[in-house]
Structure formats: C-alpha cells, structure tokens
Amino acid sequence: MDSKIECICNVLEEINGFHSINEFERFLVYIYNLVNDTDLVEIPVEIKYGGSNILQEKWYKCSGCNQKWRLVYPDFPFEGLWKEV
Ligand SMILES: [Zn+2]
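Residues numbered from 1 in each chain as written. Predicted model: local features only at pLDDT ≥ 70, side-chain atom pairs only at ≥ 80, totals over all residues.

### Quick look at the nonpolar core
And then number 1: By size, the foremost hydrophobic cluster in this structure holds eight residues: Ile8, Leu12, Leu40, Tyr60, Trp69, Leu71, Val72 and Trp82.
And then number 2: When residues in this core are grouped by element, the largest group, three residues, is from strand E4 (residues 68-72). (Core = buried A, V, L, I, M, F, W, Y, C linked by C-beta atoms within 7 Å. Buried ≥ 20, exposed ≤ 12 C-beta atoms within 10 Å, placed from the backbone. Helix = DSSP H or I, 4+ residues; strand = E, 2+ residues; numbered from the N terminus.)

### A short note on the sheet that holds strand E3 (residues 57-62)
And then number 1: Taking strand neighbours across the sheet as the criterion, the five strands line up as E1-E5-E4-E3-E2 in an open arrangement whose pairing is antiparallel. Unpaired on one side and paired on the other, strand E1 (15-16) and strand E2 (40-43) mark the two borders of the sheet.
And then number 2: Taken together, the four bridges between E4 and strand E5 (residues 81-84) define a ladder with antiparallel strand orientation. The partner of Trp69 across the bridge, within E5, is Glu84.
And then number 3: Relative to E2, helix H1 (residues 21-36) is tilted by about 105°, and along the sheet it contacts E2, E3, E4 and E5. (Pairing = 2+ DSSP bridges. Contact = placed C-beta atoms within 7 Å. Axes fitted to C-alpha atoms, helices over the stretch in contact; angles between N-to-C directions.)

Shape is all these values report; function is a separate question.
Structural data, given as structure tokens:
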C-alpha cells in the first residue's frame, strides 16, 4: 500500500445540482479519472433515483470502503446530483 488517502470518500463531497453543463462535464472527467485510478468502480444501478426511468444515472463503489455513490445526470430543470446511496 502506498501513502495516499485511505479512501476516496474522504475527499468526495455530495453535490446537489450542477449549475452548468460545463461544471457537469468537468465532474464527469473527474469521476472518469477516479475510475481509471481504481479509486471508484462502476457498478450496476440497483434502484433508479426517484423511481425515474427518464433520468440517466450511474453508480460507483468506493474500492476503499465499498460505499456506493450515485451520479444522476442533469435533465433540465433537474440539475443532477452526486451523493452517497
Ligand atoms: Zn470510501
């Protein structure tokens, strides 16, 4: 083991709404890099957010503590979110 932060959850913060497409796209790149670094692993969506079949959603699992996170894509006027499941 190296000396990096023991679990990525310590630096991930919940996001209630992305305020622009640019902000959301920057966040997608950030998550993509975390998956590339194996801090997060994409897993199947178990329960759709709000029971919605319209919103696009992805789930990730922390490879440190197994905490699950959900990313719900923005769909105007809904601004999307990133939060623990
Ligand atoms: Zn974690």
